[in-house]
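Reading the structure
Chain by chain, the residues:
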Amino acid sequence: DVERMRYAAAYLVGDHDFAGFRSAACTAAHARRFLWRVAVQRDDRGIQVDVRGNAFCHHMVRIIVGTLTAVGRGKLRSDDIPTILAARCRARAGPTAPARGLTLQQVYYPDNLEQAKIPPDARFPRYPVSRETWPWPLDAIRIGPTLC
């Protein structure tokens, strides 16, 4: 049921802690992310899910797709999404969708942000881009695993 999937996807848009939507192997310092687009549509290739955000945790998009698929199949309700977000518990979300069919289509940098279609009122770390926020200072870049 693509319409139920769309309704559920709308709950994911915005600034949330996506701890329930990341794998146990995630090494990110936190799961707070800003998604400005989670669109679901059916086309001649099947069901397409377009997820756009400022960053993603390990397997986050695959878990989002698996959760939306569970909603579409009636295994979860659309309005379960806020509860899953609030619980911040991976066990509450749907399964991790398989990697096949998942495609990273584009990464947006400051010189092509207009293509990202970020809403004008969006605010998240390092956005809007300015000389103070881009490029990142080298001492702000963490290398190696961190505790989740």
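Here's a quick rundown of the structure. (Residues numbered from 1 in each chain as written. Predicted model: local features only at pLDDT ≥ 70, side-chain atom pairs only at ≥ 80, totals over all residues. Heavy atoms only, no water.)

**Section: the overall build of the chain**
Helix and strand content of the chain: three helices and three strands. When its helices and strands are written in sequence order, the chain yields α-β-β-β-α-α. When each of the 148 residues of the chain is scored for burial, the buried share is 37%. Taking contacts inside the chain between residues at least 6 apart in sequence as the whole, the part at least 24 apart equals 62%. Summed over its atoms, the accessible surface of the chain is roughly 9500 Å², and 53% of this surface lies on carbon and sulfur atoms. (Helix = DSSP H or I, 4+ residues; strand = E, 2+ residues; numbered from the N terminus. Buried < 20%, exposed > 50% of the residue type's maximum accessible area, 1.4 Å probe, protein only. Contact = heavy atoms within 4.5 Å. Areas by Shrake-Rupley, 256 points an atom, 1.4 Å probe, with all protein chains shown as cover.)

**A short note on unusual backbone geometry**
Here H59, not a glycine, exhibits a phi torsion of approximately 65°, which is positive. Tracing the chain through its elements places H59 in the loop between β3 (46-53) and α2 (60-72). Residue class for H59 comes out partly exposed when judged on its relative accessible area of 29%. Backbone geometry at R88 places phi at a positive 55°, although glycine is not the residue there. Structurally, R88 can be placed in the segment after α3 (81-87).

**Here we look at the packing of helix α1 (residues 2-12) against α2**
Viewed as axis vectors pointing N to C, α1 and α2 meet at an angle of 140°, and their least axial separation amounts to 8 Å. The angle between α1 and α2 places the two elements in the oblique class. Here α1 and α2 pass one another in a crossing that is right-handed. Together, R4, M5, A8, A9 and L12 of α1 and I64, L68, T69, V71 and G72 of α2 make up the contact between the two elements. (Axes fitted to C-alpha atoms, helices over the stretch in contact; angles between N-to-C directions. Parallel < 35°, antiparallel > 145°, perpendicular 65-115°, else oblique. Left-handed = near helix turned anticlockwise from the far one by under 90°.)

**Points about the sheet that holds β3**
Overall, antiparallel pairing links the three strands, which are arranged β1-β2-β3 in an open sheet. A strand with exactly one partner marks an edge of an open sheet, and here the two such strands are β1 (14-17) and β3. Pairs of neighbouring strands in the sheet enclose a mean axial angle of 45°, with direction left out of account. Summarising the sheet, strand β2 (residues 32-43) and β3 pair through eight bridges and their orientation is antiparallel. Residue pairing in the sheet places Q41 in a bridge with Q48 of β3. Of the strands in this sheet, β1, β2 and β3 touch α1, which is tilted by about 165° from β2. α2 rests against β2 and β3 of the sheet, and its axis sits at about 50° to β2. (Pairing = 2+ DSSP bridges.)

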